[in-house]
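Spelled out, the chains give:
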Amino acid sequence: MDPLDEQQIRASFVNCSKGEAKRISLPRQLDAMPWGDLDFLGWRDPGAPDRAYAVVPGPRTTGITLRIAPGARRDLTRSSLCSVCLTAHSGGGVDLLAAPLAGPAGRQGNTVAIYMCADLACSLYVRDRKPSPLARRIDETLTLEERIERTRRNLAAFVDRVVRA
(Lines give C-alpha, C1' and ligand atoms only; values in the text may rest on other atoms or scores of the structure.)
Protein backbone atom coordinates (compact mmCIF):
# COMPACT_ATOMS: atom_id res chain seq x y z
CA MET A 1 0.00 0.00 0.00
CA ASP A 2 1.30 3.45 -0.84
CA PRO A 3 1.58 5.90 2.08
CA LEU A 4 -1.43 8.15 2.69
CA ASP A 5 -1.47 11.59 4.26
CA GLU A 6 -4.07 13.08 6.58
CA GLN A 7 -5.92 14.86 3.79
CA GLN A 8 -6.20 11.71 1.65
CA ILE A 9 -7.44 9.68 4.61
CA ARG A 10 -10.10 12.19 5.66
CA ALA A 11 -11.32 12.65 2.06
CA SER A 12 -11.70 8.87 1.58
CA PHE A 13 -14.55 8.26 4.05
CA VAL A 14 -17.81 7.27 2.36
CA ASN A 15 -20.11 6.42 5.27
CA CYS A 16 -19.91 9.54 7.40
CA SER A 17 -20.31 13.27 6.89
CA LYS A 18 -17.40 15.53 5.97
CA GLY A 19 -17.68 17.05 9.44
CA GLU A 20 -17.41 13.65 11.08
CA ALA A 21 -14.43 12.79 8.88
CA LYS A 22 -12.69 15.98 10.05
CA ARG A 23 -13.16 14.93 13.69
CA ILE A 24 -11.81 11.37 13.32
CA SER A 25 -8.76 10.72 15.48
CA LEU A 26 -6.13 9.58 13.01
CA PRO A 27 -3.33 7.20 13.96
CA ARG A 28 -0.23 8.90 15.32
CA GLN A 29 2.94 8.89 13.27
CA LEU A 30 1.49 8.10 9.87
CA ASP A 31 5.00 8.35 8.42
CA ALA A 32 6.11 5.44 10.65
CA MET A 33 3.41 3.02 9.43
CA PRO A 34 4.70 -0.19 7.78
CA TRP A 35 3.03 0.85 4.50
CA GLY A 36 4.74 -1.89 2.47
CA ASP A 37 3.13 -4.55 4.66
CA LEU A 38 -0.37 -3.05 4.74
CA ASP A 39 -3.29 -4.06 2.55
CA PHE A 40 -5.38 -1.41 4.29
CA LEU A 41 -4.89 1.14 7.03
CA GLY A 42 -6.94 0.14 10.06
CA TRP A 43 -7.02 1.60 13.55
CA ARG A 44 -9.08 1.97 16.71
CA ASP A 45 -9.89 5.36 18.20
CA PRO A 46 -8.06 5.47 21.56
CA GLY A 47 -10.56 8.06 22.85
CA ALA A 48 -13.59 5.99 21.83
CA PRO A 49 -12.61 2.29 21.92
CA ASP A 50 -15.91 1.20 20.36
CA ARG A 51 -14.95 3.05 17.14
CA ALA A 52 -12.62 1.83 14.42
CA TYR A 53 -11.68 2.89 10.91
CA ALA A 54 -10.39 1.23 7.76
CA VAL A 55 -8.99 2.92 4.66
CA VAL A 56 -8.72 0.60 1.67
CA PRO A 57 -6.66 1.43 -1.43
CA GLY A 58 -8.04 0.86 -4.90
CA PRO A 59 -9.04 2.80 -7.98
CA ARG A 60 -10.61 5.13 -5.43
CA THR A 61 -9.24 4.94 -1.89
CA THR A 62 -12.22 4.19 0.35
CA GLY A 63 -12.47 4.85 4.07
CA ILE A 64 -15.19 3.38 6.26
CA THR A 65 -16.17 4.03 9.84
CA LEU A 66 -16.86 1.03 12.06
CA ARG A 67 -18.25 0.44 15.53
CA ILE A 68 -18.45 -2.57 17.76
CA ALA A 69 -21.86 -3.93 16.82
CA PRO A 70 -24.58 -3.18 19.36
CA GLY A 71 -25.16 -6.19 21.56
CA ALA A 72 -21.88 -7.83 20.46
CA ARG A 73 -20.02 -9.12 23.46
CA ARG A 74 -16.56 -10.55 23.50
CA ASP A 75 -16.38 -14.08 24.78
CA LEU A 76 -12.90 -14.14 26.30
CA THR A 77 -13.03 -17.89 26.82
CA ARG A 78 -13.25 -19.07 23.22
CA SER A 79 -11.43 -18.70 19.94
CA SER A 80 -12.77 -16.51 17.15
CA LEU A 81 -11.90 -16.30 13.47
CA CYS A 82 -11.40 -13.05 11.58
CA SER A 83 -13.49 -13.02 8.40
CA VAL A 84 -10.92 -10.87 6.60
CA CYS A 85 -7.57 -12.60 7.18
CA LEU A 86 -8.77 -15.93 8.65
CA THR A 87 -6.56 -15.57 11.72
CA ALA A 88 -7.87 -17.41 14.78
CA HIS A 89 -7.70 -15.44 18.02
CA SER A 90 -8.31 -16.73 21.49
CA GLY A 91 -9.24 -14.48 24.35
CA GLY A 92 -11.44 -12.05 22.45
CA GLY A 93 -9.11 -10.89 19.68
CA VAL A 94 -11.98 -10.62 17.17
CA ASP A 95 -14.78 -8.06 17.26
CA LEU A 96 -18.04 -7.88 15.35
CA LEU A 97 -17.68 -4.48 13.68
CA ALA A 98 -20.65 -2.73 12.10
CA ALA A 99 -20.34 -0.14 9.34
CA PRO A 100 -23.11 2.29 8.46
CA LEU A 101 -24.05 1.98 4.80
CA ALA A 102 -23.01 4.84 2.55
CA GLY A 103 -25.69 7.28 1.44
CA PRO A 104 -29.35 7.50 2.43
CA ALA A 105 -29.53 3.92 3.73
CA GLY A 106 -26.76 4.65 6.24
CA ARG A 107 -28.39 7.90 7.33
CA GLN A 108 -31.49 5.81 8.12
CA GLY A 109 -29.35 3.64 10.43
CA ASN A 110 -28.76 0.62 8.18
CA THR A 111 -25.48 -1.22 8.70
CA VAL A 112 -23.52 -4.28 7.65
CA ALA A 113 -21.14 -6.11 9.96
CA ILE A 114 -18.06 -8.31 9.81
CA TYR A 115 -15.90 -10.20 12.28
CA MET A 116 -12.43 -8.61 12.20
CA CYS A 117 -9.23 -8.70 14.20
CA ALA A 118 -9.93 -6.37 17.12
CA ASP A 119 -6.74 -4.41 16.44
CA LEU A 120 -7.37 -4.29 12.64
CA ALA A 121 -3.86 -5.68 12.04
CA CYS A 122 -5.01 -8.32 9.54
CA SER A 123 -2.26 -7.42 7.05
CA LEU A 124 0.43 -7.97 9.67
CA TYR A 125 -1.04 -11.27 10.89
CA VAL A 126 -1.23 -12.64 7.33
CA ARG A 127 2.45 -11.80 6.81
CA ASP A 128 3.50 -13.09 10.27
CA ARG A 129 4.77 -9.57 11.06
CA LYS A 130 2.80 -9.25 14.29
CA PRO A 131 3.39 -12.04 16.76
CA SER A 132 0.75 -12.70 19.36
CA PRO A 133 0.28 -15.67 21.68
CA LEU A 134 -3.47 -15.22 21.20
CA ALA A 135 -3.40 -15.27 17.38
CA ARG A 136 -2.61 -18.21 15.15
CA ARG A 137 -2.82 -18.85 11.45
CA ILE A 138 -4.87 -21.82 10.39
CA ASP A 139 -2.94 -24.55 8.61
CA GLU A 140 -3.45 -24.25 4.87
CA THR A 141 -1.60 -24.86 1.64
CA LEU A 142 -2.00 -21.37 0.16
CA THR A 143 1.14 -19.36 -0.53
CA LEU A 144 1.71 -16.04 1.22
CA GLU A 145 0.74 -14.19 -1.96
CA GLU A 146 -2.51 -16.18 -2.19
CA ARG A 147 -3.33 -15.44 1.48
CA ILE A 148 -2.64 -11.74 0.92
CA GLU A 149 -4.88 -11.71 -2.15
CA ARG A 150 -7.66 -13.50 -0.23
CA THR A 151 -7.40 -10.93 2.58
CA ARG A 152 -7.69 -8.11 0.05
CA ARG A 153 -10.69 -9.76 -1.66
CA ASN A 154 -12.47 -10.37 1.66
CA LEU A 155 -12.06 -6.77 2.74
CA ALA A 156 -12.95 -5.40 -0.71
CA ALA A 157 -16.17 -7.47 -0.66
CA PHE A 158 -17.12 -5.98 2.70
CA VAL A 159 -16.33 -2.42 1.57
CA ASP A 160 -18.39 -3.05 -1.56
CA ARG A 161 -21.35 -4.02 0.65
CA VAL A 162 -20.97 -0.74 2.57
CA VAL A 163 -20.74 1.38 -0.60
CA ARG A 164 -23.27 -0.34 -2.85
CA ALA A 165 -25.91 -1.66 -0.50
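Here we summarise the structure given alongside this text. (Residues numbered from 1 in each chain as written. Predicted model: local features only at pLDDT ≥ 70, side-chain atom pairs only at ≥ 80, totals over all residues. Heavy atoms only, no water.)

1. Here we look at the pattern of salt bridges
Tallied over the entire structure, the rule returns 9 salt bridges. D119 is the partner of K130 in a salt bridge, and the nearest nitrogen-oxygen pair spans 2.6 Å. Of this pair, K130 sits in the loop between α4 (122–126) and β8 (135–137) while D119 sits in the loop between β7 (111–117) and α4, and the two are 11 residues apart along the sequence. Residue class for K130 comes out partly exposed when judged on its relative accessible area of 32%. Judged by relative accessible area, which is 29%, D119 ranks as partly exposed. A salt bridge links D160 to R164; the shortest N-O distance between them is 2.9 Å. (Salt bridge = Lys/Arg side-chain N within 4 Å of Asp/Glu carboxyl O. Helix = DSSP H or I, 4+ residues; strand = E, 2+ residues; numbered from the N terminus. Buried < 20%, exposed > 50% of the residue type's maximum accessible area, 1.4 Å probe, protein only.)

2. Things to note about the packing of aromatic side chains
Counted by the stated rule, this structure contains 2 aromatic pairs. Between the aromatic rings of F13 and Y53, the centroid separation amounts to 6.0 Å while the plane-to-plane angle is 85°, which identifies the pairing as edge-to-face. Of the two residues, F13 sits in the loop between α1 (6–12) and α2 (18–23) while Y53 sits in strand β2 (residues 48–56), which places them 40 residues apart along the sequence. Accessibility classification places F13 together with Y53 in one group, the buried group. Seen in terms of ring centroids, W43 and Y53 are 5.3 Å apart; in terms of plane orientation they differ by 35°. Their pairing is tilted. Placement of W43 in strand β1 (residues 41–45) and of Y53 in strand β2 is noted, with a sequence separation of 10 residues between them. (Phe/Tyr/Trp six-rings, centres within 6.5 Å; stacked < 30°, edge-to-face > 60°.)

3. Quick word on the environment of G63
Relative to the assigned elements, G63 resides in strand β3 (residues 62–68). As for G63 and P133, which are separated by 70 residues in sequence, their C-alpha atoms are 30 Å apart. The residues contacting G63, other than those within four sequence positions of it, are S12, F13, V14, N15, A54 and V55. (Contact = heavy atoms within 4.5 Å.)

4. What about the state of the cysteines?
Throughout the structure, instances matching the rule amount to 0 disulfides. Note on C122: no disulfide assigned, nearest cysteine sulfur contributed by C82 at a separation of 3.7 Å. (Disulfide = S-S within 2.5 Å.)

5. Section: the sheet that holds β7
Sheet architecture is open: 5 strands sit in the order β1-β2-β3-β6-β7, paired in antiparallel fashion. Looking along the sheet, the strands with just one partner apiece sit at the ends: β1 and β7. On average, each strand axis in the sheet is inclined to that of its neighbour by 30°, with strand direction left out of account. Here β1 pairs with β2 via 5 bridges, running antiparallel. Residue pairing in the sheet places W43 in a bridge with Y53 of β2. Packing of helix α5 (residues 144–164) onto the sheet brings it into contact with β2, β3, β6 (94–100) and β7, and relative to β7 it is tilted by some 160°. (Pairing = 2+ DSSP bridges. Axes fitted to C-alpha atoms, helices over the stretch in contact; angles between N-to-C directions.)

6. As for the nonpolar core
For soluble globular proteins, nonpolar side chains are generally found buried alongside one another. Judged by nonpolar contacts, the single largest core of 44 residues is most densely connected at I9, F13, L41, W43, L66 and M116. If you list the elements that add at least two residues to this core, you get β1, β2, β3, β6, β7, α4 and α5. Filtering out sequence-adjacent residues up to four positions away, L41 remains in contact with M1, I9, P27, L30, M33, W35, Y53, A54 and V55. (Core = buried A, V, L, I, M, F, W, Y, C linked by side-chain atoms within 4.5 Å.)

7. Brief notes about unusual backbone geometry
With glycine set apart, most residues show a phi of negative sign, and most peptide bonds adopt trans. Its identity as a non-glycine residue notwithstanding, Q29 has a phi of 55°, on the positive side. If you trace the backbone, Q29 turns up in the loop between α2 and β1. With a relative accessible area of 61%, Q29 lands in the exposed category. One non-glycine residue, L86, lies in positive phi territory at about 60°. Mapped onto the elements, L86 comes out in the loop between β4 (79–81) and β5 (87–90).

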